[in-house]
Amino acid sequence: MTTTSPFGRVLTAMVSPMKADRSLDPDGARRLVDHLLDTGHDGIVVNGTTGESATLSDDESIEMVRLVVEAVDGRAAVVAGVGSNATAHSVEMAARAVDAGATGLLLVSPYYNKPTQAGLVAHCHAVADSTDLPVMLYDIPGRTGIPFTTETLVELAAHDRIVAVKDAKGDAAATTKVMTETDLLYFSGDDATTLPWLALGAVGTVSVVGHVAGREYAAMVAAVDRGDLAAARDIHRRLVPAVEAIMTPSQGAIMAKAALVELGVIDHATVRLPLVESPPEHLDILRAGLKESGLL
């Protein structure tokens, strides 16, 4: 892999393993980190959407960062999600993530209160100015209601510490324009578009399916690096059943935990309300998709 990135290039937005009583499972988290590092990852995102950040307390979020930092032990980047719809809260969580040992920050656009683009720029500048860590913006308007416009991304790219975008907006034309006009490092934030985004010039992926397909995504990135699109396309096509099985029956965090239980990596597929565990029919879809992709 030839492109330099402070976040790594093959990342998974890690689930937060939980015990049957819905408390955090530190041992499960450590086993999961080892599994991710053993399967091709050079970065891990903690407290993203798939980590159920919305239902973790602030203290639990920082506990997860500390657990992952300790388990990684310098072997990979640890990117902490610090997004909030309150700028002061994001600044506070960024400082706590630094203290916990994070090596990068993931910053989603503020959700629900729908700031203007000027407010979005001010929010991102405030968080980026508050630490010395590199920042990856997270553009996922389907969840937040607020996209980063092309003009906003170009403006934010001028900040020394805003260096990357996790893109789940799915606008290839807009993505290409930002890549052309800035030095922002792009990461696919949607497993279905990983190969197309790599072909456009993305440097890597922040995956959900990577929980079970890290080696495959590492091989895909390497194939694109060496210009072997045929090999990358073969991997992409082989993973389609797994991507569909994890991302479409219900919700990524729910299905990723179920998949990790199937592989024996974690003990429980427990999620916190309002998420609920997979019903039997979803587990049947999951097992079939994993088997068809050669992952189970």
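Numbering of residues starts from 1 in each chain and follows the order in which that chain's sequence is written. Side-chain atom pairs in this predicted model are given and counted only at pLDDT of 80 or more, local residue features only at pLDDT of at least 70, and totals for whole chains, interfaces and linings cover all residues. Remark: hydrogens and water are excluded; side-chain values derive from all non-hydrogen atoms of the structure.

## Examining the side chain of Thr50
Consideration 1: Here Thr50 shows up in the loop between β2 (43-46) and α2 (58-72).
Consideration 2: When residues no more than four places from it in sequence are discounted, the contact partners of Thr50 are Ala13, Met14, Val15, Ser16, Val208, His211, Gly252 and Ala253. For the purposes of this entry, the term helix denotes a DSSP run of H or I that reaches at least four residues, the term strand denotes a run of E that reaches at least two, and both are numbered from the N terminus. Working rule for contacts: check all heavy atoms of both residues, and any pair within 4.5 Å makes them a contact.

## Quick word on the sheet that holds strand β5 (residues 135-139)
Consideration 1: Pairing is parallel around the closed barrel formed by 8 strands, whose spatial order is β1-β2-β3-β4-β5-β6-β7-β8. Between one strand axis and the next, the sheet turns through 25° on average, direction left out of account.
Consideration 2: Bridge analysis of strand β3 (residues 77-81) against strand β4 (residues 104-108) gives 3 bridges, and the strand direction is parallel. Looking at β4, one finds that Val79 is bridged to Gly104.
Consideration 3: On the sheet, helix α4 (residues 117-129) packs against β4, β5 and β6 (162-167) and is oriented at approximately 165° with respect to β4.
Consideration 4: Only the contacting stretch of a helix is used when fitting its axis, a line to C-alpha atoms as for every element, and angles between N-to-C directions run 0 to 180 degrees. Along the sheet face, helix α9 (residues 210-225) touches β1 (10-13) and β8 (204-207) and points at about 155° away from the line of β1. Each pair of strands is called paired provided DSSP finds at least two bridges between the two strands.

## Considering the environment of Ile162
Consideration 1: Within the secondary structure, Ile162 is located in strand β6.
Consideration 2: Relative accessibility thresholds used throughout: buried, under 20% of the residue-type maximum; exposed, over 50%; partly exposed, between the two (1.4 Å probe, protein chains only). Judged by relative accessible area, Ile162 falls into the buried class, the value being 2%.
Consideration 3: Between the alpha carbons of Ile162 and Glu151 there is a distance of 15 Å; along the sequence they are 11 residues apart.
Consideration 4: Ignoring sequence-local partners within four residues, the contact set of Ile162 consists of Cys124, His125, Ala128, Val135, Leu137, Leu156, Ala157 and Leu184.

## Comments concerning the environment of Ala126
Consideration 1: Checked against the element boundaries, Ala126 lands in helix α4.
Consideration 2: A relative accessible area of 29% means that Ala126 is categorised as partly exposed.
Consideration 3: For the pair formed by Ala126 and Thr87, sequence separation is 39 residues and the distance between their alpha carbons is 7.4 Å.
Consideration 4: Apart from the residues within four sequence positions on either side, Ala126 is in contact with Thr87 and Val91.

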